[in-house]
Amino acid sequence: MPTEGSQTAPAIELRGISKAFGPVQANKDISISVMPGTIHGIIGENGAGKSTLMSILYGFYKADKGEIFISGQKTEIPDSQAAIAAGIGMVFQHFKLVQNFTVLENIILGAEDGALLRPSLAKARETLTNLAKEYELNVDPDALIEEVGVGMQQRVEILKALYRQADILILDEPTGVLTPAEADQLFRILDRLRDEGKTIILITHKLREIMEITDTVSVMRRGEMTATVKTAETNPEELAELMVGRKVLLRVDKVPAQPGDKVLEVENLRFVDSAGVERLKGINLDVRAGEILGIAGVAGNGQSELLEVLGGYATATGTIRMNGEALDLTGTKSDGQSRRDSGIAHVPEDRQSEGLIMNFSAWENTVFGYHLDPQWQKGLLMDNAAIKAEAAEKMQRFDVRPPNPRLAAKNFSGGNQQKIVLAREIERNPDLLLVGQPTRGVDIGAIEFIHQQIVALRDAGKAILLVSVELEEILSLSDRVVVMFDGQIMGERIAAETNEKELGLLMAGVSGDAA
Ligand code: ADP
Ligand code: MG
């Protein structure tokens, strides 16, 4: 029933939505229309207010002000039951599935009331099978959630919404947990849902995803909706500027590398994990002073193990030489401390469990691992005053926000936590920097900054080994690229002479010659 005389009412219209959490104005007077049968992207940096807005639409939060119209009808959504009744389904950032229930049980859970009163399990299974077939959402109805990967868990969430007959699907940062192949698969599913007339709201901070799949995109910044544009009429640079509020360099600005001597040499490196599986199957590579070697690959092909072995957190066989000297790979000097002593710094992939002590303050974290360095000692004690003063300066230089050294690491956003780790490792001025997923979960403005710091270290003549599952990041930062697949190196390319397609084939295990 259209309200304003037009043929088609928006599937969703929000008018003047505001929401505060204490002093934080998470949403300020937000208005937005989403047309049926379209994919509408919402982008914005962490904390911009995207999830809050969607939680209001899904009945999780109550807006302080504003109205919601569904297909032209003013609709109250006091709780998620009301949202489901209005045809809205949501796939959360953190899945809300019951771990020790099966896929089928999770899908019917909570749907017993209303129109779908106590369906028989057999009936439910049939409905599920049909839905899964219709939308090519491949799931195993009898698998336990705890036993399936995140890709399937996400498909279960989508099926759960479709099972409840949702016409409107909200996905909050759905690709954050997916591999590139899983993300591609998700996009094919979303395409199909749109073809079937569903309306999709896709929240992300990845511009590439927005450009690839959305029809329209709205930009949020600091609680406000700053723009809504047609995807075909915009470009990544414009969107980045709208998100951040200033011009952002999406391409890394760097001059050609001036590689010097070999800093790191790896020969026939093998690593077997605790389950007896060989994860590194004879790796050979080297990194020279003044160059960035990128390691591309789908997550889980040995890149993490390579970083752990190089960083001294796992034992291995083979040879690793730093500046020509062989390192101890199995004995008493096979640990993180010895590696640091030999000039290796390490920004681990998982900053929260390996890079930081979350309950310790930022200033303590800026020397974590290096606290025994003579410069931080005063007699028999640590020179806390000196560490704190230096931490404050490091945090300024690395633009850590807020620049408060006394705040515990856990109270910083992901991007700022990453900057604390990078400040510590880069400012140690290592001969070799190992850096894993440097910008995972990091905002666009901070990505630009982090990339600049890595390139500056290279230009200061240091060797850098970069592991990233983001091909775009690998291609724009690296001078040389090797691709890992199944614990082996599938091929090596000069970054400037290759492209995503060629690397993608190597990542899929298609051999170097064929690619
Ligand atoms: P986004 O999804 O764009 O990253 P959010 O909507 O999660 O942003 O958050 C917007 C702002 O509201 C942030 O400053 C966040 O800290 C704050 N916020 C979100 N949820 C809550 C809550 N339940 N309590 C207090 N503050 C919140
Ligand atoms: Mg969010």
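Here Gly245 is to be found in the loop between α8 (236–244) and β11 (262–272). Sequence spacing of Gly245 and Thr226 is 19 residues, and the spatial spacing of their C-alpha atoms is 9.6 Å. The residues contacting Gly245, other than those within four sequence positions of it, are Arg221 and Ala240.

In the contact formed by helix α14 (residues 414–427) and helix α15 (residues 444–459), the axes pass within 11 Å of each other and the chain directions differ by 10°. With respect to α15, the element α14 is oriented roughly parallel. Note on element contacts: α15 touches α14 through Ala446, Phe449, Ile450, Gln453, Ile454 and Leu457, opposite Gln418, Lys419, Leu422 and Ile426. Residue composition of the contact of α14 with α15, by class: 7 nonpolar, 2 polar and 1 charged.

This brings us to the sheet that holds strand β19 (residues 432–436). Taken in spatial order, the 6 strands of this open sheet run β16-β19-β20-β13-β21-β22, and their pairing is mixed. Either end of the sheet is taken by a strand with one partner, and the two such strands are β16 (344–347) and β22 (488–494). Averaged over neighbouring strand pairs, the angle between their axes works out to 20° when direction is ignored. Here β16 runs beside β19; their pairing, made up of 4 bridges, is parallel. Bridging across to β19, His346 finds its partner in Leu434. Across the sheet, α14 lies against β16 and β19, angled at about 175° from β16, the strand it touches most.

A separate point is the site of ligand 1. Neighbouring residues of ligand 1: Phe21, Val24, Ala26, Glu45, Asn46, Gly47, Ala48, Gly49, Lys50, Ser51, Thr52 and Tyr61. Taking Tyr61, its side chain carries an N or O atom lying 3.1 Å from a nitrogen atom of ligand 1. Burial of ligand 1 by the protein chains amounts to 61% of its free accessible area of 560 Å². Elements that contribute at least two residues to the shell around ligand 1 include exactly β2 (24–34) and α1 (50–57). With 3 residues, α1 is the largest single contributor of residues to the shell around ligand 1. Residues of the shell around ligand 1, tallied by class, amount to 5 nonpolar, 5 polar and 2 charged.

A few words now on unusual backbone geometry. Arg401 connects to Pro402 through a cis peptide bond whose omega is -5°. Among the structural elements, Pro402 can be located in the loop between α13 (384–397) and α14. Within the chain, Arg222 stands out as a residue other than glycine whose phi angle is a positive 45°. Looking at where Arg222 falls in the secondary structure, it is placed in the loop between β9 (216–221) and β10 (224–230). Relative accessible area serves as the criterion here: at 65%, Arg222 is assigned to the exposed category.

This brings us to α15. Spanning 16 residues, α15 covers 23 Å between terminal C-alpha atoms, matching the ideal 22 Å at 1.5 Å per step. In terms of residue burial, α15 counts as a mostly covered element, since 12 of its 16 residues are buried. The positive-phi residue at the C-terminal boundary of α15 is Gly461, with phi of around 90°.

Turning next to α14. Between its terminal C-alpha atoms α14 stretches 20 Å, which fits the 20 Å expected from 14 residues at 1.5 Å a residue. The element α14 is extensively covered by neighbouring structure, given that 12 of its 14 residues are classed as buried. Along α14, the residues classified as buried are Gly415, Asn416, Gln417, Gln418, Lys419, Ile420, Val421, Leu422, Ala423, Arg424, Glu425 and Ile426. Close packing links the buried residues of α14 with β16, α11 (351–355), α12 (362–365), α13, β19 and α15.

The next subject is the domain arrangement of the protein chain. For the protein chain, the assigned domains are domain 1 (12–244), domain 2 (257–343 + 430–515) and domain 3 (357–428). Between domain 1 and domain 2, the C-alpha centre-to-centre distance is 36 Å. Every contact between the two is made by 11 residues of domain 1 and, on the other side, 10 residues of domain 2. Summing the contributions of domain 1 and of domain 2, the shared interface buries around 880 Å²; its carbon and sulfur component is 51%. Where domain 1 meets domain 2, there are 4 salt bridges. Joining domain 1 to domain 2, the criterion identifies 5 residue pairs in polar contact (both at pLDDT 80 or more). Put simply, the parts of the chain that give the side of domain 1 that touches domain 2 at least two residues each are α7 (207–213) and α8.

A ring pair, where both rings are aromatic, is described by two values, the distance of the centres and the angle of the planes. Scanning all chains against the criterion turns up 3 aromatic pairs. An angle of 75° between the planes, with centres 5.1 Å apart, marks the rings of Phe21 and Tyr61 as edge-to-face. One end of the pair, Phe21, is in strand β1 (residues 12–21); the other, Tyr61, is in the loop between α1 and β4 (65–70), with 40 residues separating them in the sequence. Taking the relative accessible area as the measure of exposure, Tyr61 reaches 34% and is therefore partly exposed. Seen in terms of ring centroids, Tyr58 and Phe60 are 6.2 Å apart; in terms of plane orientation they differ by 25°. Their pairing is stacked. The class for Tyr58 is buried, based on a relative accessible area of 9%. Residue class for Phe60 comes out partly exposed when judged on its relative accessible area of 42%. Over the ring of Phe69 we find Arg15, and its NZ or CZ is 4.0 Å from the ring centre.

Conventions we followed
- Residues numbered from 1 in each chain as written.
- Chains lettered and ligands numbered in written order.
- Predicted model: local features only at pLDDT ≥ 70, side-chain atom pairs only at ≥ 80, totals over all residues.
- Heavy atoms only, no water.
- Helix = DSSP H or I, 4+ residues; strand = E, 2+ residues; numbered from the N terminus.
- Contact = heavy atoms within 4.5 Å.
- Axes fitted to C-alpha atoms, helices over the stretch in contact; angles between N-to-C directions.
- Parallel < 35°, antiparallel > 145°, perpendicular 65-115°, else oblique.
- Nonpolar A, V, L, I, M, F, W, Y, C, P; charged D, E, K, R; others polar.
- Pairing = 2+ DSSP bridges.
- Near = heavy atom within 4 Å.
- Polar contact = N/O pair within 3.5 Å; in protein donor to acceptor, adjacent residues only side chain to side chain.
- Areas by Shrake-Rupley, 256 points an atom, 1.4 Å probe, with all protein chains shown as cover.
- Buried < 20%, exposed > 50% of the residue type's maximum accessible area, 1.4 Å probe, protein only.
- Expected span 1.5 Å × (residues − 1).
- Domains from an automatic or database assignment.
- Buried area = accessible area lost by both parts, 1.4 Å probe.
- Salt bridge = Lys/Arg side-chain N within 4 Å of Asp/Glu carboxyl O.
- Phe/Tyr/Trp six-rings, centres within 6.5 Å; stacked < 30°, edge-to-face > 60°.
- Lys NZ or Arg CZ within 6 Å of the ring centre and 35° of its normal.

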